[in-house]
Structure formats: structure tokens, C-alpha cells
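Structural overview
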Amino acid sequence: MRDVAIIGIGQTPVGEHWEVALRDLAAQAVQAALVDARIERPQMLFVGNMLAPMLSNQQNLGALVADHAGLRGIEAYKVEAACASGAAAVRMAYLAVAGGACDVALACGVEKMTDGGPDQATTALASAADALYEAEHGLSFVAINALLMQRYMHEFGWRHEDFAPFAINAHQNAATNPNAMFPRPITREQYVRARPVAEPITLLDASGMGDGAAAVVLASAELAASLGGPLVRVAASAAATDSVAVHDRQEPLFLQGMHTSAQRAYAEAGIAPADLDFFELHDAFTIMSALSLEACGFAPRGRGVALALDGAITRQGRLPICTLGGLKARGHPVGASGVYQIVEAVLQLRGQAGPNQLPGCRLGMAQSIGGSGANVITHILERVS
Amino acid sequence: MSIPSYWRSRQQRLALVGEVCPTCESKLFPPHDICPHCGGPAKTRFAFCGRGTVYSFSQVNAAPGGYEAYAPYVVALIALDEGPLLTAQLTDVSPDAVYIGMPVEMVTRQMRQDGEQGLVHYSYKFRPLLERVQS
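As the structure is a prediction and not an experimental result, all values here were calculated from the model.

About the criteria used
- Each residue is numbered by its place in its chain's sequence as written, counting from 1.
- Chains and ligands are labelled by the order in which they are written, letters from A for the one and numbers from 1 for the other.
- The predicted origin of the model limits local features to residues at a pLDDT of at least 70 and limits the giving and counting of side-chain atom pairs to 80 or more, whereas totals for whole chains, interfaces and linings rest on all residues.
- For every residue pair, C-beta atoms are placed from the backbone, and the pair is scored as a contact if these atoms sit within 7 Å.
- Secondary structure elements are taken from DSSP: a helix is a run of H or I of four residues or more, a strand is a run of E of two residues or more, and numbering for both begins at the N terminus.
- When residues are grouped by polarity, Ala, Val, Leu, Ile, Met, Phe, Trp, Tyr, Cys and Pro land in nonpolar, Asp, Glu, Lys and Arg in charged, and all others, Gly among them, in polar.
- Domain delimitation follows an automatic or database domain assignment.
- Our exposure labels follow a C-beta count within 10 Å of each residue's own C-beta, placed from the backbone: buried means 20 or more other C-beta atoms, exposed means 12 or fewer, and partly exposed covers the counts in between.
- For this entry, the nonpolar core is defined as buried Ala, Val, Leu, Ile, Met, Phe, Trp, Tyr and Cys residues connected by C-beta atoms within 7 Å.
- Lines are fitted to the C-alpha atoms to define the axes, a helix being fitted only along its stretch in contact, and any angle between axes, read from their N-to-C directions, falls within 0 to 180 degrees.

1. Regarding the interface of chain B and chain A
If you look at the interface, chain B gives 26 residues, while chain A gives 27 residues. For the side of chain B that touches chain A, the elements supplying multiple residues, two or more each, are strand 6 (51-60), strand 7 (73-80) and strand 8 (85-89) of chain B. When the residues that make up the side of chain B that touches chain A are grouped by side-chain class, the tally is 18 nonpolar, eight polar and no charged.

2. Describing the domain arrangement of chain A
All names here are of chain A. Assigned domains of chain A: these are domain 1 (4-117 + 209-232) and domain 2 (139-206 + 237-384). For domain 1 versus domain 2, the separation of C-alpha centres amounts to 23 Å. Listed per partner, the contact involves 39 residues of domain 1 and 34 residues of domain 2. Looking at which element gives the most residues to the side of domain 1 that touches domain 2, the answer is helix 4 (residues 85-98), with eight residues. The class makeup of the residues in the side of domain 1 that touches domain 2 is 27 nonpolar, nine polar and three charged.

3. Here we look at helix 5 (residues 118-125) of chain A
By the burial criterion, the buried members of helix 5 of chain A are A:Ala121, A:Thr122, A:Thr123, A:Ala124 and A:Leu125. Buried residues along helix 5 of chain A sit in contact with helix 2 (52-55) and helix 6 (141-156) of chain A.

4. Quick look at the nonpolar core
Grouped burial of nonpolar side chains is what soluble globular proteins tend to show. Residues and elements named next belong to chain A. Counting 185 residues, the largest nonpolar core has Ala 26, Val 65, Ala 93, Ala 107, Cys 108, Val 216 and Val 339 as its most contacted members. Two domains each provide a minimum of three residues to this core, namely domain 1 (4-117 + 209-232) and domain 2 (139-206 + 237-384). When near neighbours in sequence (up to four residues on either side) are disregarded, Ala 107 contacts Phe 46, Gly 48, Ala 89, Val 90, Ala 93, Ala 215, Val 216, Leu 218 and Val 339.

5. Quick look at the packing of helix 4 of chain A against helix 14 (residues 337-350) of chain A
Residues and elements named next belong to chain A. Helix 14 packs onto helix 4 with a crossing angle of 65° between their chain directions and a minimal axis gap of 5 Å. Across the interface between the two elements, Ser 85, Gly 86, Ala 87, Ala 89 and Val 90 of helix 4 pack against Ser 337, Gly 338, Val 339 and Ile 342 of helix 14. Looking at the contact of helix 4 with helix 14, its residues break down into five nonpolar, four polar and no charged.

The following block contains the structure:
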């Protein structure tokens, strides 16, 4: 395997793009990434998407996006790993370049949540769970996360309001991100008073669903060096799975697939968790933030919430998370979110994160979760000076 | 769920039939055919007794398609007496009365109906364990 670098990034704002079709939204991100990379044509395209078959009656996204992004003729596929589809597309592009199948590959995550109504979206999202033994019993995807949060609070003695710093931090960081869906701060009082969706999860524990597309161009490190420009190396690309259903896990409150995915990434990059300057984690729900910090080795079991209460997760803290708003407040265009995380990590490492810039950062991690911990894809990126 | 899928899983849904691994003796529900604990083949049928305790619970207010008419309802992870966890709805209980550790037992209930002419889905739900009276 050879070294791979990210040479181009592109994104659309996350929100309700009523006037733009899925194909055109993807094309905007792809074109932006190609312009940024100063490349006209990648050799392969991987499209990350989860819901288009259900909300837009559209499969065959590899060819569709290639055509509408002006890349007709190239090899292209859709990659699906539920909410981690975007990160999976990035990993496929990474493998294509690292393995020598091509020198330049493009990964694009796209989701068009507003092509279905909120009820349709709720039903479609539940397909990330076990259709026969979770969804069939009337569980929404939110409800599955609520079961984890309820048990976590019971086992470790936290109150609901203790999770507030995760949501407050995300909204604070989104406030200065021009691509965020909810660019405004929230208060602790707003968090405490928010309407329940599936107890104990309220509206302000859950990420906001929106339309969005993001894209990254990956190239061999050799080619990247010859092009000049800011260089961000993929120090690790790793993934692992767990059971799809929560009830099939020995210890539901420890995300084993995530732990394995992170450990593989640390080993590949030759680093320890403490070496990371920031962590773009998958905060689909506040409980997932806590469980992520624990499974990835930043906090002992049951103590992820304490890290948030201590202020460690803010941009001034020792482990900033969700530095441009995260899934919670940048918005969660499901199959695109994994690519947004990579785009944001690259912005930080290039020093292009504007008011949200972390001074002097060199090493960042982005991690995306498919389902409630079933498929976890971890990337570690490094600024090369 | 389609009619073939419903028919195929009738033993699980109506009688809580799972599997037991002949190698490591793990009880499996839902059935896996290959034991997730030891990796050996596990196709020996095993009927669970239907009793357990609430491991966690939540109330669904915004229900997925097909379940809107039943919302709000309580869902739970149940720790079965024989070991495994399963996901199910609770029934015959006020949401405020549910607590982690509550003893429950399996009952067969209607889950939903696919319209006036469609399939009526039945499956397991769990209710608070009824006290047995000596006769």
C-alpha cells in the first residue's frame, strides 16, 4: 500500500435545498472539490448515499452522479454503510489509490432528505437497524439510541441535563460555519426544556436532518507532492463491524466495533489517542458522543459525559470535538455526513477553518458510525509541512 | 414485513423459539444459525420460557410508517431469563410505571395491520409479570 493524500475538498451548505435535485447537489460538491484540487478528471468515483432508493426512488448513483458532474465515462459506484456511507466511500477511494488501481479517486457523499416527508425519512432511517427484530417492533432509529441513553444514565448515574455540553458545543461551533444548518448557539435552559422525541432523547439531543453533499479528491502522495498546494496525508483509514441489532451485543454500552476500528487506525498511524489535536466524532445523538469518547480511548467507561462537563471538548479544550458544528448543528445529511467530517478535518489541518480554526493543529481524526455502532469507519489525517 | 417473511419467522414471533449452541451452550434469540460466541454451527431449536426483566426502555412518540396509529408506545430491551437480550414493545402497563429491572413476561399481541384488507401482524410483546395464584 502506498501513501495517499487529500488534494481537494468541496461541500454545499447543509439545509433544505428544495430547488436542487440529488444529482445536482452531488455535482456541486464534486465540481468544488475538483476545482480545489486543480484536477479536471479523477479516474474513479465512489458515491456515499443511504436513502436515495427509499426517498428518491433512485439507485445507480455512481453513473448518475458521474454523468451530472461532467465525468461521464469514468468508473463509478455507490457505497452503502447506512449513516457511514460517506466515510465508506472515502475509504473505498483510499483503497483504490493506496492499492494502485488508480492515481486519483473522488469520494462524494450526498443525501436528499427532503425528497420524502418527515414520516418517510423516519421510516427510511429505521432501515439502518435490524429490519426483522428491531424495526419490525416499531422502533425508530431514535428509539434505539434512546434505549442506550436510558441504560447509560441508569448504570452510570448521569442525569439527562449532564449531556447538555455536547449539544451546546456543537451549536456554538456551528454558529460561525457558513455551511451549517443550525448556525446559532443554544443555552442550557433550551436544552433542558426541549421536546422529547423518544425519552430520554429530546430534539436537542438529536442531530438535524438536512440535504447536503460533500466531496474529497484523493491522490497518491507522489502525485500530490508534484501538484504543490497544501498537503494533508491520510495517516490511517480503518473500519470494523459489530452486530446490526443492539440486542445481539454482549455489552450494549461499549461499542466494540468502534473500539476495534479506532485501535486499527491508531496502530496504522502509529499514534496514541492523546496525540490527536481534534476529533470529528459522529454525534448523531448526544449519547453517541459519550460512547464514542469511551470506545476510542479518551475516557473510561461511563465517563465520556465527564469529559464534556469538564469543557475538554470545546475548541479551547484538550480534545476539541465537532469543531464546525458536528452532525448535531452543521446538520446530518446521513450518507454525506462522513464526507463532511473529512472536509472539515482538512479545513482545520490546512488552517482554513476561519473563526473556528484550531491553532497549530497537525493530527485529526474523523469517525463515522453506520447504524447504532454496526459499521464504524475511522480516518486519521495529518498535515504535512 | 412481507407475507413470506412473516410466515418464515412465525416460530420466533409467536412462540419465542430461538436456538441453543451445541458447542458452547449459548442460548440465541433471534436465531443466528452460526453461534456469534464460538463460531460453531447452532441450529438446535430452543424455546425460551418467555420471562425476563427490563434492561432499558423508551417511549416512541414519532413512530415509523405503519405504527403511527399506535403511538405513543413503550419499547424496551428485555434481558431474557436464559441470557440473551431482545427488543420488543411493552404492553398492559402505564409508561410511568416502567423501570429498569422490572420483571416481565411474553404475550402475543397484534403489532399492526396493513390496511383494511391486508395482513394483521402478530408478535411477542412483554407485560409486567402477573402474580400466580395457587389453585
